[in-house]
Amino acid sequence: MNPFDLRAPKLESCLMDWKDLTPRPYDKHTVDPYTRTRIILMNGTEFEATWFSHQLNRNCPNGDVRRSVAMIRRSEQQQQKLLAALKPVDETLLEHTIGYEQLAVDLTAQLAQREPDPYVKSALDFALLEDFDHLYRYADLLDTETGTRAESLVGGYTEVMPGRPTIAHHRHPYDSIKKPINSKTAALETRLCVGIITAAEQQTMNYYMNVCAAYPNDIGRALYREIGMVEEQHVSHYGSLMDVNCTWLENLLMHQYTECYLYYSCMETETDPSIRKVWERLFEQELAHLEKAAMLLYKEEHKEYRQVVGEGDFPPPLKLCSNIGYVRSVLKGTVDLTACRESYARVGSLEPETDFFRYQSHINKDVNSVSSHQVIVDHINRFGEDYRFETAPNPIPQLRDRTRDNIEVGLKATQREQEPVLVTP
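In every chain, residue numbers begin from 1 and rise along the written sequence. Side-chain atom pairs in this predicted model are given and counted only at pLDDT of 80 or more, local residue features only at pLDDT of at least 70, and totals for whole chains, interfaces and linings cover all residues. The side-chain values count all of the structure's non-hydrogen atoms but skip hydrogen atoms and water molecules.

Caption draft 1: Local environment of the overall build of the chain. Segments assigned H or I by DSSP are reported as helices when at least four residues long, segments assigned E as strands when at least two residues long, and all are numbered from the N terminus. The secondary structure content of the chain amounts to 13 helices and two strands. Within these notes, the globule rule equals 2.2 Å times the number of residues to the 0.38 power, and the radius of gyration is based on C-alpha atoms. In terms of overall dimensions, the chain is globule-like: its C-alpha atoms have a radius of gyration of 22 Å, near the 22 Å expected for 425 residues. Note on contacts: a residue pair qualifies if any of its non-hydrogen atoms lie within 4.5 Å across the two residues. Looking at the chain alone, contacts between residues at least 24 apart form 85% of all its contacts between residues at least 6 apart. Per-residue accessibility takes into account occlusion by the displayed protein chains alone, with areas from the Shrake-Rupley method and a 1.4 Å probe. Carbon and sulfur atoms provide 52% of the accessible area of the chain, an area that totals close to 17800 Å². Positive and negative side-chain charges of the chain, numbering 47 and 63 respectively, have mean locations separated by a distance of 2 Å. In this charge count, Lys and Arg are treated as positive and Asp and Glu as negative; neither His nor the chain ends contribute. Charged groups are reduced to one reference atom each: NZ for lysine, CZ for arginine, CG for aspartic acid, CD for glutamic acid.

Structure follows, in structure tokens:
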């Protein structure tokens, strides 16, 4: 599939009326988990496109370009509103959050398994274990408060058990900045990957920023606040991988191309016929956005789209699916890694005065006040053990005890120190 070979509709014809923006929401009791996560993914992709477009608008002196981008942005905003309306009103904030974290786990795992650049893959594998642990912590809160078992929401496709404990995710800001890719040498798959995962994590960060104060009790508010801070790190982590030398209009084209690719992927993998029609409609609209971006690039910078995305042929569709075996393998080998500037290191190899430990001593002075730890302690105190959905025992022996939240994993040496760290730049 090459979107540049397809006939695009006129840009103004993409505008929708209020009826178009009021679709029938999915049924939370019968929806396929990956239909829910695709909707979350595309909602985040549209937010990223809109956010980038506003930044372009604020940094561009050319009024004609600003007006053209404003037209694209208005259409993008409508697409986002349509997608947001697919969430049913009876799906609670916490139930919806389980969908966010399932997306983070399975999207990251899929991208990592496809990624040709070892350095980018290492960034994905590293953050994967943290989103995996977030899913576990939210699931325990959900079970404690409502008795809802998260395996019913994730469909048994994604395990719910401890990963790298959330308390160990809090790192110095310097350690969130990685080495950017070079678009002139990076594979198209890598450029797509970096854009997709940055948008997805940014959507999660924004969601937690907005809803943390809306949660109806203190422990929930605190958990969203804590994990929201980790998501900020993830957005810095992934966003720093982006090529810093691309022009605004090159980036505009890449954003639109990425959206086309993702809607195409959704069309090809969707199991719900009514939702597939949404993907088909929005894909058609994105063709118009892409065409306009290519025209602007040619007119203002005298560059062909091929200078940005090559011939433009899409890679194979991105499919959200179960990744239990892959997540387990990453957990087994890298649970005790932490970020160390542009690289990674095993916690047990760090000197006590490093940024990681200094930041930990400042943020987590009293571990009993750390909400991600407390939600597990609360569940154990109430039910005698934590909540999990496992297909086999946790691959990390220290994380198998369901009557204890072992927060030393990731903060102290727990793996064989002779094992190598992940790839460095």
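More follows now that the structure is in view.
Caption draft 2: Molecular detail of the pattern of salt bridges. The term salt bridge refers to a pairing of a side-chain nitrogen on Lys or Arg with a carboxyl oxygen on Asp or Glu at a separation within 4 Å. The final tally for this structure, using the stated rule, is 23 salt bridges. Between Glu 270 and Arg 38 there is a salt bridge, and its shortest N-O distance comes to 2.9 Å. Of this pair, Glu 270 sits in the loop between helix 8 (248-269) and helix 9 (273-301) while Arg 38 sits in helix 1 (residues 33-58), and the two are 232 residues apart along the sequence. The pair formed by Glu 270 and Arg 38 is uniform in burial state, with each residue classed as buried. Overlapping salt bridges bring together Glu 385, Asp 386, Arg 388, Glu 390 and Arg 402 as one network. Burial here depends on accessible area, computed with a 1.4 Å probe over protein chains only, as a share of the maximum for the residue type. Under 20% is buried, over 50% is exposed, and the range in between is partly exposed.

Caption draft 3: View of the packing of helix 4 (residues 118-146) against helix 7 (residues 218-239). Axis definition: a line fitted to C-alpha atoms, over the contacting stretch in the case of helices. Angles run 0 to 180 degrees between N-to-C directions. For the pair helix 4 and helix 7, interaxial distance at closest approach is 11 Å and the crossing angle is 165°. Taken together, the axes of helix 4 and helix 7 lie roughly antiparallel to each other. The two elements helix 4 and helix 7 meet at a crossing, and its hand is left-handed. From helix 4, Ala 123, Leu 124, Phe 126, Ala 127, Glu 130, Asp 131, His 134, Arg 137, Tyr 138, Leu 141 and Glu 145 reach across to helix 7, where they touch Ile 219, Gly 220, Leu 223, Tyr 224, Ile 227, Val 230, Glu 231, His 234, His 237 and Tyr 238. Angular relationships are summarised with four words: roughly parallel below 35 degrees, roughly antiparallel beyond 145, roughly perpendicular across 65 to 115, and oblique for the angles in between. Crossing handedness is defined as follows: a turn of the near helix away from the far one that is anticlockwise and smaller than a right angle gives a left-handed crossing, while the clockwise case is right-handed.

Caption draft 4: Quick peek at the side chain of Thr 204. The topology assignment puts Thr 204 in helix 6 (residues 188-211). Take Thr 204: its relative accessible area is 3%, and that puts it in the buried class. Not counting the four nearest positions on each side in its chain, Thr 204 is found in contact with Tyr 100, Glu 101 and Glu 231.

Caption draft 5: Seen up close, unusual backbone geometry. Look at His 302: it is not a glycine, yet its phi comes out positive at around 55°. The phi angle at Arg 341 is positive, at roughly 50°, despite the residue not being glycine. Within the secondary structure, Arg 341 is located in the loop between strand 1 (337-340) and strand 2 (343-346).

Caption draft 6: Expanded view of the pairing of strand 2. Burial along strand 2 is two-sided: the face carrying Ser 343 and Ala 345 and the face carrying Tyr 344 and Arg 346 are both buried. For strand 1 and strand 2, the ladder comprises four bridges, and the chain directions are antiparallel. Across the sheet, residue Thr 338 finds its bridge partner in strand 2, namely Ala 345. Any two strands with at least two DSSP-identified bridges between them are counted as paired. What sits between the antiparallel neighbours strand 1 and strand 2 is a turn of two residues, in which Arg 341 has the positive phi angle 50°.

Caption draft 7: Broad picture of the side chain of Glu 46. Take Glu 46: it is sitting in helix 1. At 9.5 Å, Lys 81 is the nearest oppositely charged side chain to Glu 46, a buried residue that forms no salt bridge. Apart from residues lying up to four places away in sequence, Glu 46 is in contact with Glu 76, Gln 79, Gln 80, Leu 83, Glu 259, Tyr 263 and Glu 286.

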